[in-house]
Amino acid sequence: MEPVNRDIIVSEVGPRDGLQSIKRIMPTQTKIAWIKALAASGLSEIEVGSFVSPKLLPQMADCADIVQAAIAIPDLTVLALVPNLRGAEKAFAAHTHKITMPVSASQAHSKANINRTVEEAVEDVARVNRLRHEQPDGYRPGIEVGISTAFGCTMEGPISEDWVIRLAGMLAEAGADTIGLSDTTGYGNPTQVKRLFKRLKSEIGEKAGGAHFHNTRGQGLGNVVAALEVGVTTFDSSQAGLGGCPYAPGATGNIVTEDLVFMLEAMGLKTGIDIDTLIAARPVILSGLPGEALYGHVQDAGLPKGFHYA
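Everything numeric in this text was worked out from a predicted model, so none of it was measured. (Residues numbered from 1 in each chain as written. Predicted model: local features only at pLDDT ≥ 70, side-chain atom pairs only at ≥ 80, totals over all residues. Heavy atoms only, no water.)

Explain the overall build of the chain here, please?
Scanning the chain for helices and strands turns up 13 helices and 8 strands. In terms of C-alpha radius of gyration, the chain reaches 18 Å, essentially the compact-globule figure of 19 Å for 310 residues. Dimensions along the principal axes, computed over C-alpha positions, put the chain at roughly 50 × 40 × 40 Å. Put simply, the chain has 310 residues, and 55% of those count as buried. Residue pairs at least 24 apart in sequence account for 72% of intrachain contacts in the chain once pairs closer than 6 positions are excluded. When the accessible surface of the chain is totalled, it reaches about 12,900 Å², and 52% of it is carbon and sulfur. (Helix = DSSP H or I, 4+ residues; strand = E, 2+ residues; numbered from the N terminus. Rg over C-alpha atoms; globule rule 2.2 N^0.38 Å. Buried < 20%, exposed > 50% of the residue type's maximum accessible area, 1.4 Å probe, protein only. Contact = heavy atoms within 4.5 Å. Areas by Shrake-Rupley, 256 points an atom, 1.4 Å probe, with all protein chains shown as cover.)

Structure representation (structure tokens):
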């Protein structure tokens, strides 16, 4: 099978970021069915879970089983979030393709989210990078870092942009392959997004990664357009807008994958994703979480008459 030609990578985070924010637990087989349905739409990356303590997030207790099922899906890059070295050990044992490590720019959020200072979190990235190079049989998983609360924090308020950029440099030196910016609490606006991503690329070059936006204040897709204008090509999103951060008060609403894909394709940017097939995955969520609120506009309005994919 020839690789799909994409201008933009849409990285689906619903099975991790979405489900960790819902107190009910989706059955393992339903998670697998959902991930398969998402992959069938043409999504090339899915963050399928997180390797965290099941005492803290019982929703993620089956992450190893989910990864094992997901890595068997052809043409899919499987990601999992890990907060520390112990989580990375489990992710590597499961042969996860890439791991995502959250490092917050806010000390208060860092302590609440992973019980580490920011500096300790950077040291964890370095330790995980060393562990990666000790893996056998040529297995070298990717390490991505998203700088959480990069645009503001509900606990600390405004975050110094100079500090965010300095932190990105520290993470690059610690061995992260890419460092992106996350608007964990929906504080960001398009002008700020353009400025900060432009500075990120200037500071760390090719290691500058993607964007993780929330639609908490309705700025999500506007922030995507702003990031596109300064060369960002990878965007996290969640089917039906599920998600938030359980350790950041007021953090709600990831951007909706269906709406994001429609906007990108309408703008002439290739995603490799079929919108109708993507929408057809939504009922799987409700089969495992009956009555859960699902968000988005495209599934209600439908595609415009004469719509053409990029």
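Don't stop here, the text continues.
What's the story with the packing of aromatic side chains in this structure? I'm lost.
Aromatic rings considered in pairs are described by the distance between their centres and by the relative angle of their planes. All told, the structure shown has 5 aromatic pairs when counted by the stated rule. Ring centres of phenylalanine 262 and phenylalanine 307 lie 5.5 Å apart, and the angle between their planes is 35°; this geometry places the pair in the tilted category. Pair noted here: phenylalanine 262 is in helix 10 (residues 257-266) and phenylalanine 307 is in the segment after helix 13 (298-301), with a separation of 45 residues, a long-range link. Residue phenylalanine 262 is classed as partly exposed on the basis of its relative accessible area, which comes to 23%. Of the residues examined, phenylalanine 307 reaches a relative accessible area of 18% and is grouped as buried. Taking 5.2 Å as the distance between ring centres and 75° as the angle between the ring planes, the aromatic pair formed by phenylalanine 307 and tyrosine 309 counts as edge-to-face. Given a relative accessible area of 34%, tyrosine 309 falls into the partly exposed group. One aromatic cluster is present, formed by Phe151, Phe197 and Phe213 through successive ring pairs. (Phe/Tyr/Trp six-rings, centres within 6.5 Å; stacked < 30°, edge-to-face > 60°.)

Explanation requested: unusual backbone geometry in the structure shown.
Peptide bonds are trans in most cases, and residues, glycine excluded, mostly fall at negative phi. Of note in the backbone geometry, asparagine 115 takes a positive phi value of approximately 55° without being a glycine. Mapped onto the elements of the fold, asparagine 115 is located in the loop between helix 5 (107-114) and helix 6 (118-132). Here asparagine 115 falls in the exposed class, since its relative accessible area comes to 52%. Even without being a glycine, aspartate 137 presents a positive backbone phi close to 60°. Among the secondary structure elements, aspartate 137 is positioned in the loop between helix 6 and strand 5 (142-148).

Looking at this model, I keep getting lost on the packing of helix 8 (residues 190-204) against helix 9 (residues 220-229). Mind explaining?
Geometrically, a packed helix pair is captured by the angle between its two axes and the distance between the axes. At a closest axis distance of 8 Å, the pairing of helix 8 and helix 9 adopts a crossing angle of 30°. Here helix 8 and helix 9 pass one another in a crossing that is right-handed. Contact with helix 8, carried on its side by Pro190, Val193, Lys194 and Phe197, involves Gly222, Asn223, Ala226, Ala227 and Glu229 of helix 9 and no other residues of that element. Along the lines of polarity and charge, the residues of the contact of helix 8 with helix 9 split into 5 nonpolar, 2 polar and 2 charged. (Axes fitted to C-alpha atoms, helices over the stretch in contact; angles between N-to-C directions. Left-handed = near helix turned anticlockwise from the far one by under 90°. Nonpolar A, V, L, I, M, F, W, Y, C, P; charged D, E, K, R; others polar.)

Even after reading the chapter, I still don't get the pairing of strand 7 (residues 208-212), so can you show me in this structure?
The two faces of the sheet receive side chains in turn, since in a regular strand these alternate between them. Relative to strand 7, strand 6 (residues 178-182) runs parallel, the two being bridged by 3 bridges. The residue of strand 7 that forms the bridge with serine 182 is histidine 212. Crossover connection from strand 6 via helix 8 to parallel strand 7: handedness right-handed. Bridge count between strand 7 and strand 8 (residues 234-237): 2 bridges; the pairing is parallel. (Pairing = 2+ DSSP bridges. Right-handed = clockwise from strand over helix to strand, strands pointing away.)

Hey, could you run me through the nonpolar core in this one?
Most often, soluble globular proteins have nonpolar side chains that are buried together. The biggest cluster of nonpolar side chains holds 90 residues, and the ones touching the most others in it are Ile147, Phe197, Phe213 and Phe235. When residues in this core are grouped by element, the largest group, 8 residues, is from helix 7 (residues 161-174). In this view, isoleucine 147 contacts Val103, Ala105, Val164, Leu167, Ala168, Leu171, Ile179, Gly180, Leu181 and Ser182; residues no more than four positions away in its chain are not counted. (Core = buried A, V, L, I, M, F, W, Y, C linked by side-chain atoms within 4.5 Å.)

Explain the pattern of salt bridges to me, please; I cannot follow it from the model alone.
Opposite charge on two side chains allows them to pair when their charged atoms are near. One pass over the structure, following the stated rule, counts 13 salt bridges. Among the ionic pairs, aspartate 17 bridges to arginine 16, the shortest N-O distance being 4.0 Å. Of the two residues, aspartate 17 and arginine 16, both sit in the buried class. Note that arginine 199 and aspartate 162 form a salt bridge whose closest N and O atoms lie 2.8 Å from each other. Of the two residues, arginine 199 sits in helix 8 while aspartate 162 sits in helix 7, which places them 37 residues apart along the sequence. (Salt bridge = Lys/Arg side-chain N within 4 Å of Asp/Glu carboxyl O.)

Quick question: what am I supposed to make of the sheet that holds strand 8 here?
With parallel pairing, 8 strands are arranged side by side around a closed barrel as 1-2-3-4-5-6-7-8. With direction set aside, neighbouring strand axes in the sheet form an average angle of 30°.

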